[in-house]
Amino acid sequence: METSIPASEPTSCSKEDSQVCCLEDTGGAEAVQVADWESPQDDRPQNEPVCCNPENSGQLMALYEGQARGYQVPTFGWRICLAHEFAEKRKPFNANSISLSNMIKLVGMGFRYFQWWYQKTRVEKKTPFIDMLNSVPLRQIYGCPLGGIGGGTITRGWRGQFCRWQLNPGMYQHQTVIADQFTVCLRREGQTVYQQVLSLERPSVLHSWNWGLCGFFAFYHALYPRAWTVYKLPGQNVTLTCRQITPILPHDYKDSSLPVGVFVWDVENEGDEALDVSIMFSMRNGLGGRDDAPGGLWNEPFCLERDGETVQGLLLHHPTLPNPYTMAVAARLTAHTTVTHITAFDPDSTGQQVWQDLLQDGQLDSPAGRSAPSQKGVGIAGAVCVAAKLPPRGRCCLEFSLAWDMPRIVFGAKGQVHYRRYTRFFGQDGEAAPALSHYALCRYADWEEKISAWQSPILEDRSLPAWYKSALFNELYFLADGGTVWLEVPEDSLTEELEEGMRQLRPVLREYGRFGYLEGQEYRMYNTYDVHFYASFALVMLWPNLELSLQYDMALATLREDLTRRRYLMSGLIAPVKRRNVIPHDIGDPDDEPWLRVNAYVIHDTADWKDLNLKFVLQVYRDYCLTGDQGFLRDMWPVCLAVMESEMKFDKDHDGLIENGGYADQTYDGWVATGPSAYCGGLWLAAVAVMVQMATLCEAQDIQEKFSSILSRGKEAYERLLWNGRYYNYDSSSQPQSRSIMSDQCAGQWFLRACGLGEGDTEVFPTPHVVRALQTIFEFNVQAFAGGAMGAVNGMQPHGVPDTSSVQSDEVWVGVVYGLAATMIQEGLTSEGFRTAEGCYRTVWERLGLAFQTPEAYCRQQVFRSLAYMRPLSIWAMQLALQQQRCKKASRPVVEQNTGLNTGPKSGPKEATANLSPE
């Protein structure tokens, strides 16, 4: 039986015609009926148009018909009407996306890859670390993930669906679980007048439930790590605001690790009648897939009273090996609320029993005792309900939590047992779900205060464009939802022979644990170092001790070797997995045994890559500059010496400048470079300059003189071989693409500036050349590409046509663009920097529907590549550049940089106040 809709409620769910207007103060992410909203005038640039362009972000809210603003929903963030549909439907990059000329170049690699893929999937029954034959399809549905750092994540879509799961470490399941829902029940004078699943879905199961919520009267607003969903219940004079909270707290190494999320429902009664309101949170035990099929799953109610606070709920026990867990759906019991539950129901049935139970009196029956274990092939779900009385014109608050306890994990090889970080505080016995629920429901208000204190200075800064405020915080989702693990390090797991010279290694790893995040949800390698080079700004600015821990792990891996020989897919050559004294590409595959077996990447032999060693040296010095940790610098100094010595062999003519090897031997692993190149040559000179600084700090005069000599010769060679008067050539080969304008050509200067170097006495690249090169990139790679509205294309030919000589040269790499924007800001081109980065944000978040799954790359048309990627965390380099710029203007040194926030006065660059629309 379905609840009938009262006669007073509109039965249509269609968009009325209305004029819409773009609201710059909400991140340019919405358009609503003019009568519904007023924009703060002081947040709107004077030259902002009154009405929004049809191509602009206003379309995300154009279908919203409600007048509700919601309870305490912030101004800034990413906002979208639940009825919105993205017009552009792109496809993942595949073989059909490759031009014939590039296809010919990759025939051998393609053949070897298919052989390797067949062995991996059909013989070994494993999942490829990159599955080029089965890319994750486009689903324009994702919202803020739940869960702290390293304990697993559950993503809740912007329409309310629980749809992306990463409970087993590093392994994703993209699946919407229909039974996982919130349902509202309204009662007046003892009668249920409205009962609705808060979902737009119309599924084939649970069809006794009232599905098909009208999305035109609801919107979603994300400002990670929080999100708000506002539902105006038509005809009921009731507005629901669901606030989702996850404890992502900079510089907090306890609560930030917790596998929990909180849902706070603020219910506003705008009518003149008293009201009883109930919210039911139903959850399936498992995802309904093969992990559930054997049966043996069971649920039980719990009640935990501690420190005067009571939490009640359900435990959903999922004992399936190899990583059993318990999920807890819970609610806070107060003097004004009633908490009830149903222990078990079949999520694949009609659901009539549950629906009628709630419909009868707004509560559930609350049977005692545990459920029977589920039978083979039969699902099991449960639900928790909170009810409260709501006076006329009143408001009440209903609080839920979702927690999951998977303390003990094994990776795919099942060789070693690991314990997650949160077990340090909540135990390793697998019985922490009630305590986690209680802690979350009692502490979330403190979390929100800390989140506001962190975010408010940036959100209140009128010099910063609204889209940037959304991008800066929402891109941080990947630190938790990047297949992230944060593990305890047992005392006996560190070998003393490798610790020599690194006095802080053991205490850092023991105190802060071991951190790993994937290159991307589709590129399944932990701590891919050439990409972490870009993303690391977020980590070092917000959780600096995790960055130092990662660096110690990378140093340990550098000193080790694995001489097992294997065939590399691009060249077909056979070489060792890992050589000593070179930085590994990655720390391993979660479907194998990461940290024990590194370099899951088999496309190239990265021992001959030109950028990895240099990026380690640059990051070590950058991390020292931002943390002031001299012990860390001294520990890393011998490792830096070793990797730079390994790098020396690439300077074959001894002119002080390394040469690329005539293949794609750097992070652009599909873009060939030959001889001295702008990218690797620039990184080399920056690393040499940093070695000079570190040698001085470590009182190594002979080494300081050695690298000073190399730097002097290398600078002369770099300018002579690559500078053409307007920019640095891509490389020094005789190929036509050698004169391509590479958007990432100033990466070395970017890191020097981030370290407080690169000008005056420490200048490496002539400042006029750097500025001229950035202006050329802005003119060609940005403005001459897609009308200036899609960021910077990787390579542009000097006559204004994208470089199509490789599969990567005509792509836009979002993380590279954010790093480029940071470089522009460092060199005083602030307006150009914001306009460049804005194109990526608008494209990804507002046009392509790729929110909370920012890809590595997209082309001008048709395709994207590698969803949910690490590199876009580099947007935090923009924030660092702004902070350093402000401190410089204030004529004082950059202090407290390790906070990543508030190192300068609130007033910022006037350039950022301009209207930065790509149009």
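Residues numbered from 1 in each chain as written. Predicted model: local features only at pLDDT ≥ 70, side-chain atom pairs only at ≥ 80, totals over all residues. Heavy atoms only, no water.

A. Broad picture of the packing of aromatic side chains. For the structure shown, the criterion picks out 59 aromatic pairs. With 6.3 Å between their ring centres and 80 degrees between their planes, tyrosine 253 and tryptophan 486 make a pair best called edge-to-face. Residue tyrosine 253 is found in the loop between β13 (238-245) and β14 (260-269), and its partner tryptophan 486 is found in strand β24 (residues 485-487); the two are separated by 233 residues along the sequence. Consider the rings of tyrosine 529 and phenylalanine 616, whose centres lie 6.2 Å apart with planes at 45 degrees: the pair is tilted. With tyrosine 529 in helix α10 (residues 529-542) and phenylalanine 616 in helix α12 (residues 612-627), this residue pair connects regions lying 87 residues apart in the sequence. Take tyrosine 529 and phenylalanine 616: they sit in the same class, and that class is buried. Taken together through their ring pairs, the aromatic side chains of Trp78, Tyr220, Trp467, Tyr468, Tyr477, Phe478, Phe515, Tyr517, Phe834, Tyr841, Trp845 and Phe852 make up a single cluster. Positioned above the aromatic ring of phenylalanine 650, the side-chain terminus of lysine 610 is 4.4 Å from the ring centre. It is arginine 871 that lies over the ring of tyrosine 534; its NZ or CZ is 4.8 Å from the centre. (Phe/Tyr/Trp six-rings, centres within 6.5 Å; stacked < 30°, edge-to-face > 60°. Helix = DSSP H or I, 4+ residues; strand = E, 2+ residues; numbered from the N terminus. Buried < 20%, exposed > 50% of the residue type's maximum accessible area, 1.4 Å probe, protein only. Lys NZ or Arg CZ within 6 Å of the ring centre and 35° of its normal.)

B. Focus on a nonpolar patch on the surface. On the surface, a cluster of nonpolar side chains totalling about 480 Å² of accessible area is made up of Phe114, Tyr118, Val123, Met132 and Leu133. Relative to the helices and strands, leucine 133 resides in the loop between α2 (107-123) and β5 (145-146). Overall, the relative accessible area of 43% leaves leucine 133 in the partly exposed class. (Patch = residues over 30% accessible without salt bridge, like charges linked within 9 Å, V, L, I, M, F, W, Y side chains within 5 Å. Areas by Shrake-Rupley, 256 points an atom, 1.4 Å probe, with all protein chains shown as cover. Salt bridge = Lys/Arg side-chain N within 4 Å of Asp/Glu carboxyl O.)

C. Up close: the pattern of salt bridges. According to the stated counting rule, one finds 44 salt bridges in the structure shown. Arginine 847 is paired through a salt bridge with glutamate 88; the nearest N and O atoms lie 2.6 Å apart. You can see arginine 847 sitting in helix α19 (residues 830-847) and its partner glutamate 88 sitting in the loop between β3 (78-81) and β4 (91-92), a full 759 residues away along the chain. With a relative accessible area of 22%, glutamate 88 lands in the partly exposed category. Each of Arg226, Arg243, Asp266, Arg395 and Glu448 takes part in a single network of salt bridges with overlapping partners.

D. Examining helix α17 (residues 767-783) more closely. Between its first and last C-alpha, α17 extends 23 Å over 17 residues, near the 24 Å set by a 1.5 Å rise per residue. At isoleucine 777, α17 shows its maximal bend, which comes to roughly 25 degrees. For α17, the complete set of buried residues consists of Val770, Val771, Ala773, Leu774, Thr776, Ile777, Phe778, Phe780, Asn781 and Val782. (Expected span 1.5 Å × (residues − 1). Bend = angle between axes of the 7 residues up to and from the residue.)

E. Representation of the sheet that holds strand β20 (residues 381-390) within the structure. Strands sit in the order β10-β9-β15-β20-β19 across an open sheet of five strands; the sheet is antiparallel. Looking along the sheet, the strands with just one partner apiece sit at the ends: β10 (191-197) and β19 (337-345). Averaged over all neighbouring strand pairs, the angle between strand axes comes to 20 degrees, with direction disregarded. Sheet topology places strand β15 (residues 275-284) next to β20; 10 bridges connect them, and they run antiparallel. Looking at the pairing, methionine 283 lines up with glycine 382 of β20. (Pairing = 2+ DSSP bridges. Axes fitted to C-alpha atoms, helices over the stretch in contact; angles between N-to-C directions.)

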